[in-house]
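Descriptive structure summary
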Amino acid sequence: MDMEIRVIMKTARSATFALDDGGTYETVQSYRLFLNDVEQKETKTVITSLFDLKPDTDYVLKVVGNDGDLKGSVPFRTEEEYVTVNVKDLGAAGDGMSDDTNFIQAAIMACPPKSRVLVPKGKYKVTSIFLKSGIRMEIAKGAELLAETDRSRFVKFPGLIESYDEQDEYNLGTWEGNPLPMFAGIISGIGVSDVKLYGEGVINGCASTDNWWHNPKVMVGAFRPRMLFLNHCGQIEVQGLTFCNSPAWVIHPYFSDELLFANLTIRNPQQSPNTDGLDPESCRNVEILGVHFSLGDDCIAVKSGKAYMGKKHKRPSENVHISHCLMEDGHGAVTVGSEIGAGVRNMLVEKCRFAHTDRGLRIKTRRGRGKDSVLDEIVFRDIEMEHVMTPFTANAFYFCDPDGRTEYVQSREEYPVDDRTPAMKRFLFENIRATDCHVAAAFFEGLPEQKIEKIEMRNCFISFAKDAKVDVPIMSSGIEPSSKRGIHATNVKKLILDNVSIEDFVGEAYELQGVDEFEKDGKGV
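Structure report, in brief.

Calculation criteria
Residues numbered from 1 in each chain as written. Predicted model: local features only at pLDDT ≥ 70, side-chain atom pairs only at ≥ 80, totals over all residues. Heavy atoms only, no water. Helix = DSSP H or I, 4+ residues; strand = E, 2+ residues; numbered from the N terminus. Rg over C-alpha atoms; globule rule 2.2 N^0.38 Å. Buried < 20%, exposed > 50% of the residue type's maximum accessible area, 1.4 Å probe, protein only. Contact = heavy atoms within 4.5 Å. Areas by Shrake-Rupley, 256 points an atom, 1.4 Å probe, with all protein chains shown as cover. Lys, Arg positive; Asp, Glu negative; His and termini not counted. Charge placed at Lys NZ, Arg CZ, Asp CG, Glu CD. Phe/Tyr/Trp six-rings, centres within 6.5 Å; stacked < 30°, edge-to-face > 60°. Lys NZ or Arg CZ within 6 Å of the ring centre and 35° of its normal. Pairing = 2+ DSSP bridges. Axes fitted to C-alpha atoms, helices over the stretch in contact; angles between N-to-C directions. Core = buried A, V, L, I, M, F, W, Y, C linked by side-chain atoms within 4.5 Å. Salt bridge = Lys/Arg side-chain N within 4 Å of Asp/Glu carboxyl O. Patch = residues over 30% accessible without salt bridge, like charges linked within 9 Å, V, L, I, M, F, W, Y side chains within 5 Å. Polar contact = N/O pair within 3.5 Å; in protein donor to acceptor, adjacent residues only side chain to side chain.

1. Some thoughts on the overall build of the protein
Across its full length, the protein carries three helices and 44 strands. At 23 Å, the protein has a C-alpha radius of gyration in line with the 24 Å of a compact globule built from 525 residues. Across its three principal axes, the protein shows a C-alpha extent of roughly 70 × 65 × 40 Å. Looking at the protein as a whole, 60% of its 525 residues qualify as buried. In the protein, the proportion of contacts linking residues at least 24 apart, taken out of those at least 6 apart, comes to 72%. Carbon and sulfur atoms make up 46% of the accessible area of the protein, which amounts to about 20,100 Å² in all. Computing the positive centroid from 62 side-chain charges and the negative centroid from 79, the protein places the two 1 Å apart.

2. Section: the packing of aromatic side chains
Aromatic ring pairs: the centre-centre distance and the angle between the two ring planes describe each pair. Applying the stated rule across the entire model yields 16 aromatic pairs. With a centroid separation of 5.5 Å and 15° between ring planes, the pair formed by Phe380 and Phe429 is classed as stacked. With a gap of 49 residues between them, Phe380 in strand β36 (residues 374–386) and Phe429 in strand β39 (residues 426–437) connect regions that are remote in the sequence. Of the two residues, Phe380 and Phe429, neither departs from the other in class, the shared state being buried. Each residue in the set Phe130, Phe157, Phe229, Tyr254 and Phe255 is aromatic and connected to the rest through ring pairs, giving one cluster. Taking NZ or CZ as reference, Arg226 lies 5.7 Å from the ring centre of Trp249, over its face. In this structure, Arg405 is placed above the aromatic ring of Phe399, and the distance from its NZ or CZ to the ring centre is 3.9 Å.

3. Points about the sheet that holds strand β7 (residues 70–77)
With antiparallel pairing, the four strands of this open sheet are ordered in space as β4-β3-β6-β7. Looking at the sheet topology across the chains shown, the edges are occupied by β4 (38–45) and β7. Here the strands of the sheet are splayed against their neighbours by 25° on average, with no regard to which way each runs.

4. Notes on the sheet that holds strand β22 (residues 228–231)
Pairing is parallel across the open sheet formed by four strands, whose spatial order is β12-β19-β22-β25. What marks the edges here is a single partner per strand, and that holds for β12 (129–130) and β25 (251–254). Here four bridges tie strand β19 (residues 187–190) to β22, and the two strands are oriented parallel to one another. Along β22, the bridge assignment pairs Gly189 with Leu230.

5. Overview of the nonpolar core
Ranked by internal contacts, the top residues of the largest apolar core, which has 105 residues, are Phe243, Phe293, Ile322, Phe392 and Phe444. For Phe444, the residues in contact, after removing those within four places along its chain, are Phe392, Thr393, Ala394, Phe429, Ile452, Ile455, Met457, Ile487, His488, Ala489 and Thr490.

6. Details of the pattern of salt bridges
Here the structure, examined in full by the defined rule, presents 45 salt bridges. As a salt-bridge pair, Asp401 and Lys306 come within 2.6 Å of each other at their nearest N and O atoms. A residue pair is termed long-range when its members are at least 10 positions apart, and Asp401 in the loop between β37 (390–395) and α3 (407–410) and Lys306 in the loop between β30 (300–302) and α2 (307–313) qualify at 95 residues. Judged by its relative accessible area of 26%, Asp401 falls in the partly exposed class.

7. Digging into the pairing of strand β35 (residues 359–364)
Among the six residues in β35, six count as buried, and that is most of the element. Pairing geometry for β35 and β37, over five bridges, is parallel. Bridging from a neighbouring strand, Leu361 pairs with Phe392 of β37.

8. Examining the pairing of β19
Relative to β19, β12 is paired through two bridges, and the arrangement is parallel. Opposite Ile129, over in β19, you have Ile187 as the bridge partner.

9. Details of a negative patch on the surface
Taken together, the side chains of Glu162, Asp165, Glu166 and Asp168 define an acidic patch exposed on the protein surface. By the element assignment, Asp168 lies in the loop between β16 (160–162) and β17 (169–171).

10. Considerations on the environment of Asp376
Mapped onto the secondary structure, Asp376 falls in strand β36. Spatially, the C-alpha atoms of Asp376 and Val344 are 6.6 Å apart, while their sequence positions differ by 32 residues. Among residues more than four places away in sequence, those in contact with Asp376 are Val344, Arg345, Asn346, Lys425 and Arg426. For Asp376, the side chain forms a polar contact with the side chain of Arg426, separated by 2.8 Å.

11. Considering the environment of Gly221
Residue placement: Gly221 occurs in the loop between β21 (202–204) and β22. Given a relative accessible area of 46%, Gly221 falls into the partly exposed group. Residues Gly221 and Val250 lie 29 residues apart in sequence; the distance between their C-alpha atoms is 20 Å. Look past the residues within four positions of Gly221 in its chain and what remains in contact with it is Lys156 and Phe183.

12. Describing unusual backbone geometry
With an omega of 5°, the peptide bond between Gly337 and Ser338 qualifies as cis. Its identity as a non-glycine residue notwithstanding, Asn215 has a phi of 45°, on the positive side. Relative to the helices and strands, Asn215 resides in the loop between β21 and β22. On the accessibility criterion, Asn215 (47% relative accessible area) is partly exposed.

13. Digging into the side chain of Ser256
By the element assignment, Ser256 lies in the loop between β25 and β26 (257–262). For Ser256, the side chain forms a polar contact with the main-chain nitrogen of Cys233, separated by 2.9 Å. Not counting chain neighbours up to four residues away, the residues in contact with Ser256 comprise Leu230, Asn231, His232, Cys233, Ser282, Cys283, Arg284 and Arg315.

14. Let's talk about the environment of Lys132
Tracing the backbone shows Lys132 in the loop between β12 and β13 (136–139). For Lys132 and Gly189, which are 57 residues apart along the polypeptide, the C-alpha to C-alpha distance reads 7.0 Å. Residues in contact with Lys132, not counting those within four places in the same chain, are Ile108, Met109, Ala110, Cys111, Val192 and Val195. Looking at Lys132, its side chain comes within polar contact range of the main-chain oxygen of Cys111, at 2.8 Å.

Given below as structure tokens:
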């Protein structure tokens, strides 16, 4: 068995590796990891991390299989480190009751270059922590940041601040694609670069129906904070941490570039409102590797603002790579939209596993997103799904926003193409196995005036659960509930099905309306 071993990320004290033996989130077998011939741990995940390393030190990682054979090795050198600034040395109590915000913030501001801020074992009550450029911050094993839930204690970010010459604006706050007031994140980075946030610790938003999740759509002072908010940042790497009980979206990179999220756990209750796991918005060059999601909304949702932000800034999310992740219990495993006013381009999702999510690969838009909202070159491949309601969806009639159920948004009649009309272009789904599904194998619905340009499904197997749930396959008006239907496609210019198998469906295998070209197994139909 061949294995590709890669160093994904390293700090002075940790390193993350990809042990790619053909597995998705988990490896095909378990492996023992050795550093300089000293055994460190056993692992069964493709993306795995080692901690408690020494700075500026040469290491060789060796990977040994459960059969005792060496599967491969890779050399690496940890980063330099000048000093460690321990937050407890600066006064943090770590007792779970004292407010430790100022002490942690002081450690960050006082930390010199090539140094580490250490949050050691303990419970630290905080409101908002702000990162600075060049920082290395470790939240160690046994350390937990406990977020305050009293709104009056949080910094408020205005949505827009007008420039002095009234020609420009500064956007600090955001909510669901619009520039609106929001509370600062539990951890925030504003215009910072070259940051590494890592460790085996926990960041706990402490949200519940008694505080942030009560009347969640109502703005009280400002909209709910994210756990990690990155606004106009670059070269940010986040590794190893656990995020839980978020007030709203967990990790929200916003107009940021060169981002890496590796070997994280993101956990919220299934019924928690709007607790998306990781939502890159108008971001470029994003890597999401080996993240375990279990939460109450979309696991990953790639966005680029609603109409105003998309039209003004024209900043699509592009070059997004998602691999070796496990998505559980969310509404959508990987979602594109629906706030995509500037579009999404060049997105690859591969080697992931989805379990018990409402939808697997979920693309959602609507009239009004605008002509800059172009979704193109979106690829999903080498995916395993189990107990997913509808594995594949593309929805041009998503009924979000106050006007979401209006005739303009929901009408299936053909409208003129104008500045409000979004476009869905090329999508590829290949090498995907989805078992014990419930509602539909696939449901694609484009606009009659702007059809989906091309959908390819290659080497896909879908089977239904015996006790399949009855539900609607996509969230839009006029869709009938179902339990076991095949592939539905409406308003698609070209639909290609190559070696696509569906088991235990009811009715027609293919329901096609307004499909200009239909090709199955290399033959036009």
